[in-house]
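So the chains spell out like this:
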Amino acid sequence: MTEEPRRAADGLPALIHQELYTADDGGAKGPNGERLTHGEASSRPLQPPAREHQPRGAALHRRRPVDHDEAAQRFIDAPQHEKMHDERLWDLRQKRDRQMQAIPEWEDLRNLASAIKQHTLAHLGDYLEQFEAQAKANGVHVHWAQDGAEHNRIVHGILANHGAKRLIKSKSMLTEETGFRHYMAGVGIEVVETDLGERIQQLDDEAPSHIVVPAVHKLRGDVADVFARTLGTDPANDDVHYLAEQQREKTRPLILDADAGMTGANFAVAETGSFVVCTNEGNADLSANVPPLHIASIGLEKLIPRIADLGVFIRLLSRSALGSPITQYTSHFRGPRTGGEMHVVLVDNGRSARLGEPEFWQSLKCIRCGACMNTCPVYRRSGGLSYGATYSGPIGLILDPTFDRRRYSSLPFASTLNGSCTNVCPVKIDIHEQIFTWRKVLAESHDIGFGKQALMKAAGAILSHPRLYRAAVAAADGALKVLPGFAVANPLNTWTRGRDMPEPPRETFHQWYERTKGGKEQER
């Protein structure tokens, strides 16, 4: 069978990296035996490559800026990891597109979601007070944390009051912001992640590399190595079913014996004082219902006004994140269960300050779907850990500098400004525009290196003078035609580290326009 008929027969799009193709592996099927085309488990089967050492993330040195270029290059230099990462994330982007095309009102949903978020943020103080009042009426204890350190102290106090020594936790990016696990380890409280991807990362002492799929950068061999080292599994067995079952058997006793549980929240509803957690593994329900004590850490931006608004976001979230019509578990929490106790910690951690920034407040609309990461050509090829921050990819480029401008000053330059992130954002955040604005802000505040500042200043001078620009282009094209390759592709020209220089054109657009009088001479 030729290549094209094979693609048509399996009904799935062609791979980016054809060498990863393998025959059907018995994955998720529909009632008629066809492979499903949505959801996490229904990706096209890929041929697992030979073992290759997993590249680690960016090195962090106190206040020094993160060197994304160096960490990204190490990921690219591990070709099996780079190709699988690229393929997995592009697969999610394609599934998202199929879901979008199946809903005629998709753009209306995006517009409505964006408007609801904008309205909520404009009246955030009122909705926070309403949420607190309703939650307390439901029997929930409500706490307020100004920053991550206060959040950790509040949770520690709650756990100490209950004599809790083990906490089971659902996936939460907010607790990654606050360094929660590290803090709890310092006070003698064991934290067990219940999300499979987060558990893998916890056992490997790594941060999540993606908002939704935390261990997406790992190959099955990497997971086998981690589990062999930490859980005592067979290091030679990298079957995904075996690995998942072994982790479940080792972790379930810890869950059943936990003293307290913690979740985050995807959405918090001011009208009812309730909150919603969306998972595909049901791990939030374990964390919330197995122990008698449930603590929910919720960022201020997770508020929406009414329960009627929730349907808009639920329809957008999983379709944008994984290309699934809905998450497997959409769990609503309104108050403590009988005999139990529920605490909600509302966390600012820089959000109020961001709300007051005219250029960047729209980033608070984010619903943490990861769609911008799945489509980003830089993120897909450089891996999430290369960003050295809680949030990676396009959304990380605009969120991370709000936490530490100097440390993350290089990240807004890790973008092509192609706008694909903005096009797929379900709440219509102008991500690429904000990335560009961050570049200007960082340049004006001198938070970027001297060399980059000098290059940007020189580029600004050339681009602002048309004659100088045309002369520079002509000189560069002329030089490229005569200079040997080593004179252009050298360590001083960082652009050529991962790229080949293009062939210089015979003439510039301006020269063609002048010669043809705008194409009119060719038309005659």
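For every chain, the first residue of the written sequence is number 1, and numbering continues from 1 along that sequence. Given that this is a predicted model, residues contribute local features only at a pLDDT of at least 70 and side-chain atom pairs are listed and counted only at 80 or more, while totals for whole chains, interfaces and linings are drawn from all residues. As a convention, hydrogens and water are excluded, and side-chain values are obtained from all of the structure's heavy atoms.

Some thoughts on the confidence of the model for the protein chain
No. 1: Residues at a pLDDT of 70 or more form 90% of the protein chain, whose mean pLDDT is 89.
No. 2: The predictor attaches a confidence to each residue, called pLDDT, with possible values from 0 through 100. Contacts are assigned to residue pairs with any non-hydrogen atoms lying within 4.5 Å of each other. In this model, residues 1-9 is a region of pLDDT below 50 whose contacts with residues beyond four sequence positions or in other chains number eight contacts.

A closer look at the sheet that holds strand E5 (residues 267-269)
Two pairing modes exist for strands in a sheet, parallel and antiparallel, and in both the strands are linked by backbone hydrogen bonds.
No. 1: Two strands pair if DSSP finds at least two bridges between them. Secondary structure elements are taken from DSSP: a helix is a run of H or I of four residues or more, a strand is a run of E of two residues or more, and numbering for both begins at the N terminus. Across the sheet, four strands lie side by side as E8-E5-E6-E9; this open sheet has mixed pairing. For this open sheet the edge positions go to strand E8 (303-304) and strand E9 (329-333), each flanked by a neighbour on one side alone.
No. 2: As judged from the five bridges shared by strand E6 (residues 274-279) and E9, these two strands associate in the antiparallel manner. Paired with Cys-278 across the bridge in E9 is Thr-330.

A few points about the packing of aromatic side chains
No. 1: When two rings of Phe, Tyr or Trp (its six-membered ring) have centres within 6.5 Å they constitute a pair, described as stacked for plane angles under 30 degrees, edge-to-face for angles over 60, and tilted for the intermediate range. One pass over the full model with this rule turns up eight aromatic pairs.
No. 2: Between Tyr-379 and Tyr-387, the ring centres sit 6.1 Å apart and the planes meet at 35 degrees, which makes this aromatic pair tilted.
No. 3: The classification of residues rests on relative accessible area computed with a 1.4 Å probe and restricted to protein chains. Under 20% of the type maximum is buried, over 50% is exposed, and intermediate values are partly exposed. The class of Tyr-379 is buried, set by a relative accessible area of 0%.
No. 4: Taken together, a centroid distance of 6.0 Å and an interplanar angle of 40 degrees make the contact between Phe-509 and Tyr-513 tilted. Of the two residues, Phe-509 and Tyr-513 are both situated in helix H23 (residues 509-516); the distance of four residues between them amounts to about one turn of the helix.
No. 5: Overall, Tyr-513 belongs to the partly exposed group, its relative accessible area being 42%.
No. 6: Following the ring pairs from residue to residue traces out a cluster consisting of Phe-509, Trp-512 and Tyr-513.
No. 7: Charge-over-ring placement is defined geometrically: NZ (Lys) or CZ (Arg) within 6 Å of the ring centre, and within 35 degrees of the ring normal. For Lys-117, the ring lying beneath its charged end belongs to Phe-313, and the centroid distance is 5.9 Å.
No. 8: Positioned over the ring face of Phe-403 is Arg-354, at 5.5 Å from the centre of the ring.

Quick look at the packing of helix H4 (residues 106-122) against helix H13 (residues 307-321)
No. 1: The N-to-C vectors of H4 and H13 enclose an angle of 120 degrees; their axes lie 10 Å apart at closest approach. One element, H4, and the other, H13, form an angle in the oblique class. Once H4 is placed against H13, the crossing between them reads as left-handed. Residues Trp-106, Leu-109, Arg-110, Leu-112, Ala-113, Ile-116 and Lys-117 of H4 touch H13, and the partners they reach there are Asp-309, Val-312, Phe-313, Arg-315, Leu-316, Arg-319 and Ser-320.
No. 2: For this scheme, ten residues count as nonpolar: Ala, Val, Leu, Ile, Met, Phe, Trp, Tyr, Cys and Pro. Four count as charged, namely Asp, Glu, Lys and Arg, and the remainder, Gly too, count as polar. Among the residues making up the contact of H4 with H13, the classes are represented as eight nonpolar, one polar and five charged. Axis definition: a line fitted to C-alpha atoms, limited for helices to the stretch in contact. Angles are taken between N-to-C directions and run from 0 to 180 degrees. Orientation categories follow fixed angle ranges, with anything under 35 degrees roughly parallel, anything over 145 roughly antiparallel, 65 to 115 roughly perpendicular, and all other angles oblique. The crossing is said to be left-handed when, going from far helix to near helix, the turn is anticlockwise and less than a right angle, and right-handed when the turn is clockwise.

Quick notes on the pattern of salt bridges
No. 1: Counted as salt bridges are all cases of a side-chain nitrogen of Lys or Arg within 4 Å of a carboxyl oxygen of Asp or Glu. If you walk through the whole model with that rule in mind, you get 26 salt bridges.
No. 2: Where Asp-91 meets Lys-95, a salt bridge forms, and the shortest distance between an N and an O atom there is 3.0 Å. Here Asp-91 and its partner Lys-95 are both found in helix H3 (residues 79-101), four residues apart, which amounts to about one turn of the helix. Residue Asp-91 shares its accessibility class with Lys-95, and that shared class is buried.
No. 3: A salt bridge links Arg-368 to Glu-301, with the nearest nitrogen and oxygen atoms 3.3 Å apart. Remark: Glu-301 occurs in the loop between strand E7 (293-299) and E8 and Arg-368 occurs in the loop between helix H14 (351-355) and helix H15 (371-375); sequence separation between them is 67 residues.
No. 4: For Arg-368, a relative accessible area of 10% puts it in the buried group.
No. 5: Note on Glu-301: relative accessible area 4%, which makes it buried.

A few points about the sheet that holds strand E3 (residues 190-193)
No. 1: Spatial strand order, E1-E10-E7-E4-E2-E3: six strands in an open sheet with parallel pairing. Of all strands in the sheet, those bounded by a partner on one side alone are strand E1 (141-145) and E3. The average undirected angle you get between the axes of adjacent strands in this sheet is 25 degrees.
No. 2: Bridge count for strand E4 (residues 260-263) against E7 is three bridges, and the pairing is parallel. Note that in E7 the partner of Met-262 across the bridge is Ile-295.
No. 3: Together, E1, strand E2 (166-169), E4, E7 and strand E10 (341-347) form the strand contacts of helix H6 (residues 148-161), whose direction differs from that of E1 by roughly 150 degrees.

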